[in-house]
Amino acid sequence: MKIVSTINEVRQQVKAWKKEGKTVGFVPTMGYLHEGHESLIKRAVAENDQVVVSIFVNPMQFGPKEDLASYPRDLNADSILCENAGASLIFHPEPEEMYEDAFCSYVDMNGLTDALCGLSRPVHFRGVCTVVCKLFNIVAPDRAYFGEKDAQQLAVVKRMVKDLNMDLEIIGCPIIREADGLAKSSRNTYLSPESRKSAVILSKSIFMGKKMIEDGERDASKVINAMKDMINSVPLTDIDYVEIVDVNTMKSIDEIKGEILCAIAVNVGGEARLIDNFMMTV
Ligand code: PAF
């Protein structure tokens, strides 16, 4: 497995693979990889001849008061995980390689990004769309793999690919959880032992909300309120949102029917803003 830091090196390698008729899978990440990322890489390895993993903490998707500086980084551990999972190439650029001084072009979206995380993180999806578009142009993959934990990001990327006629397939992969249910996230490492105990309430509320719908509840506000009450019942939790939306529009719904996304974001202990969700067809 090679680790490269320039766009040129990635392009040369991918061109060589394509000349040999090989397919290329791509897993974009911000590093500090965990079993969630590992599952994406393994799926990509199973479905493609070669797999590129990008590790780039993208400054453009962080707001001024967010955790860009403290975002965890460990290239050494990441390389071992990628190699063991079967990746062929890591692309690990410096910010200057991705954004030269004169940089002034962006990919933006409305509608899908006006709700959920887009409301509390106003610049986030413009940064995600711009960097993912750039990475797709650099890697030119046949397929790219994203986690369903970031359900809104997955919907946004799928929309961007469709709207801008990008020639690749986007594949969503299931949420990977800790033994107690907490969704795996690089940001879990911010949690103190006390906050870690409280954080399990996110997945508990997700499982409860899902069960309510499976048992026949169709009033979105009843499910949302029950989930909020559960989250508020433990210390150190500060709800950003608990929403049930139509997965195709990200618009809130009153009656639960069709393809729905129930998504939550909770600040835990003032240390980490964590997200979780479930999707269902009712
Ligand atoms: O999900 C992430 O880790 C990031 O948002 C992504 C897709 C790598 C873009 O920076």
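Before reading further, recall that the structure is shown in the block above.
Residues numbered from 1 in each chain as written. Predicted model: local features only at pLDDT ≥ 70, side-chain atom pairs only at ≥ 80, totals over all residues. Heavy atoms only, no water.

**Student:** I tried to follow the overall build of the protein on my own but got confused; where do I start?
**Tutor:** Along its length, the protein carries 9 helices and 9 strands. Taken over the C-alpha trace, the protein has a radius of gyration of 19 Å; the compact-globule value for 282 residues is 19 Å, and the two agree within 12%. The dimensions of the protein, computed from C-alpha atoms along their principal axes, are 55 × 40 × 40 Å. Burial statistics for the protein: of 282 residues in total, 51% are counted as buried. Of the roughly 13,200 Å² of accessible surface on the protein, 49% is carried by carbon and sulfur atoms. Taking the average place of the 32 positive charges on the side chains of the protein and the average place of its 41 negative ones, the gap between the two points comes to 2 Å. (Helix = DSSP H or I, 4+ residues; strand = E, 2+ residues; numbered from the N terminus. Rg over C-alpha atoms; globule rule 2.2 N^0.38 Å. Buried < 20%, exposed > 50% of the residue type's maximum accessible area, 1.4 Å probe, protein only. Areas by Shrake-Rupley, 256 points an atom, 1.4 Å probe, with all protein chains shown as cover. Lys, Arg positive; Asp, Glu negative; His and termini not counted. Charge placed at Lys NZ, Arg CZ, Asp CG, Glu CD.)

**Student:** When you look at helix 1 (residues 7-19) in this model, what are you seeing that I'm missing?
**Tutor:** Count 3.6 residues to each turn of an α-helix, and residues three or four apart come out pointing the same way. Taking 1.5 Å per residue as the helical rise, helix 1 with its 13 residues ought to reach 18 Å, and the 18 Å between its terminal C-alpha atoms agrees with that figure. Restricting attention to buried positions, one finds in helix 1 the residues Ile 7, Val 10, Gln 13, Val 14 and Trp 17. What you see down the axis of helix 1 is that its buried residues fit within an arc of 135°, all on one side. The outward face of helix 1, more than 90 degrees from its buried face, is lined by the exposed residues Asn 8, Lys 15 and Lys 19. The inward-facing, buried residues of helix 1 abut strand 1 (2-4), strand 2 (24-29), strand 3 (50-55), strand 4 (89-91), helix 4 (95-98) and helix 6 (124-139). Where helix 1 ends, the next residue or the one after it, Gly 21, has phi of about 80°, a positive value. (Expected span 1.5 Å × (residues − 1). Arc of directions from axis to C-beta. Contact = heavy atoms within 4.5 Å.)

**Student:** Would you take a moment to explain the packing of helix 8 (residues 193-214) against helix 9 (residues 220-232) for this structure?
**Tutor:** Two numbers describe a pair of packed helices, the interaxial angle and the distance between the axes. Viewed as axis vectors pointing N to C, helix 8 and helix 9 meet at an angle of 155°, and their least axial separation amounts to 9 Å. The orientation of helix 8 relative to helix 9 falls into the category roughly antiparallel. Classified by chirality, the crossing of helix 9 by helix 8 is right-handed. Mapping the contact onto sequence places Ile 201, Lys 204, Ser 205, Ile 206, Met 208, Gly 209, Met 212 and Ile 213 in helix 8 and Lys 222, Val 223, Ala 226, Met 227, Met 230 and Ile 231 in helix 9. Counted by class, the contact of helix 8 with helix 9 contains 10 nonpolar, 2 polar and 2 charged residues. (Axes fitted to C-alpha atoms, helices over the stretch in contact; angles between N-to-C directions. Parallel < 35°, antiparallel > 145°, perpendicular 65-115°, else oblique. Left-handed = near helix turned anticlockwise from the far one by under 90°. Nonpolar A, V, L, I, M, F, W, Y, C, P; charged D, E, K, R; others polar.)

**Student:** Can you help me understand the pairing of strand 6 (residues 169-173) in this one?
**Tutor:** The two faces of the sheet receive side chains in turn, since in a regular strand these alternate between them. In terms of strand pairing, strand 5 (residues 143-147) meets strand 6 through 5 bridges, oriented parallel. Across the sheet, residue Arg 143 finds its bridge partner in strand 6, namely Glu 169. The parallel pair strand 5 and strand 6 is bridged by helix 7 (residues 151-163), and the resulting crossover is right-handed. (Pairing = 2+ DSSP bridges. Right-handed = clockwise from strand over helix to strand, strands pointing away.)

**Student:** Is there a simple way to think about the sheet that holds strand 2 in this case?
**Tutor:** Adjacent strands of a sheet pair through backbone hydrogen bonds, lying either parallel or antiparallel. Pairing within the open sheet is parallel, and its 6 strands lie in the order 1-4-3-2-5-6. The sheet terminates laterally at strand 1 and strand 6, the two strands that pair on one side only. Going across the sheet, the axis of each strand differs from the next one's by a mean of 25°, ignoring polarity. Pairing of strand 2 with strand 3 involves 6 bridges; the strand directions are parallel. By the bridge assignment, Phe 26 is partnered in strand 3 with Val 52. Contacts between helix 1 and the sheet are confined to strand 1, strand 2, strand 3 and strand 4, with strand 4 contributing the most and set at about 150° to the helix. Here helix 2 (residues 35-47) sits on the sheet in contact with strand 2, strand 3, strand 5 and strand 6, set at roughly 155° to strand 5.

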